[in-house]
Amino acid sequence: MKILLVLVLALLGSFFLPDGNLTDFVINHLPVSGDGEEGMDNLAMTVILIKALLSGVGAYLLLTLLHWLRNRPNK
């Protein structure tokens, strides 16, 4: 169940992350090799990988927070 929830949250997170900001970050801070179409393909793949990484980390942190809130000791 937790695996399915992480996958759903990661997919939703990658869907709602803005492409423009990540593309600007990649263009300004990361070297992308290639010429013409190959370079654009490399840029798009780099942006997709960063979106997947960010949404996966966000989903994991959200689930960890929810687990902590449900299982914390009552005072």
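Scroll up to find the structure this text is about.
Just so it is clear, the model here is predicted, and its values are computed rather than measured.

A word on the overall build of the chain
Move 1: Counting its secondary structure elements, the chain contains three helices and zero strands.
Move 2: Along its sequence from the N terminus, the chain presents helices and strands in the succession α-α-α.
Move 3: In summary, the chain has a C-alpha radius of gyration of 17 Å against a globular reference of 11 Å for 75 residues, an excess of more than 25%.
Move 4: Taken along the three principal axes of its C-alpha coordinates, the chain extends 60 × 25 × 15 Å.
Move 5: The contacts in the chain between residues at least 6 apart in sequence include a share of 64% that link residues at least 24 apart.
Move 6: Roughly 6,200 Å² of accessible area belongs to the chain as shown, and the carbon and sulfur atoms make up 69% of that amount.
Move 7: In the chain, 5 side chains carry a positive charge and 6 a negative one; their mean positions are 38 Å apart.

Things to note about the side chain of Ser-55
Move 1: Position of Ser-55 among the secondary structure elements: in helix H3 (residues 37-71).
Move 2: Of the polar contacts made by the side chain of Ser-55, one reaches the backbone oxygen of Ala-10; its length is 3.1 Å.
Move 3: Among residues more than four places away in sequence, those in contact with Ser-55 are Ala-10, Gly-13, Ser-14 and Leu-17.

Focus on the nonpolar core
Move 1: Leu-22, Val-26, Leu-43, Val-47 and Ile-50 together form the largest nonpolar core, which totals five residues.
Move 2: Where this core is concerned, the elements lending two or more residues are helix H2 (19-29) and H3.
Move 3: No other element matches H3, which puts three residues into this core.
Move 4: When sequence neighbours within four positions are dropped, the list of residues in contact with Ile-50 reads Leu-22, Val-26 and Leu-30.

Calculation criteria
Residues numbered from 1 in each chain as written. Predicted model: local features only at pLDDT ≥ 70, side-chain atom pairs only at ≥ 80, totals over all residues. Heavy atoms only, no water. Helix = DSSP H or I, 4+ residues; strand = E, 2+ residues; numbered from the N terminus. Rg over C-alpha atoms; globule rule 2.2 N^0.38 Å. Contact = heavy atoms within 4.5 Å. Areas by Shrake-Rupley, 256 points an atom, 1.4 Å probe, with all protein chains shown as cover. Lys, Arg positive; Asp, Glu negative; His and termini not counted. Charge placed at Lys NZ, Arg CZ, Asp CG, Glu CD. Polar contact = N/O pair within 3.5 Å; in protein donor to acceptor, adjacent residues only side chain to side chain. Core = buried A, V, L, I, M, F, W, Y, C linked by side-chain atoms within 4.5 Å. Buried < 20%, exposed > 50% of the residue type's maximum accessible area, 1.4 Å probe, protein only.

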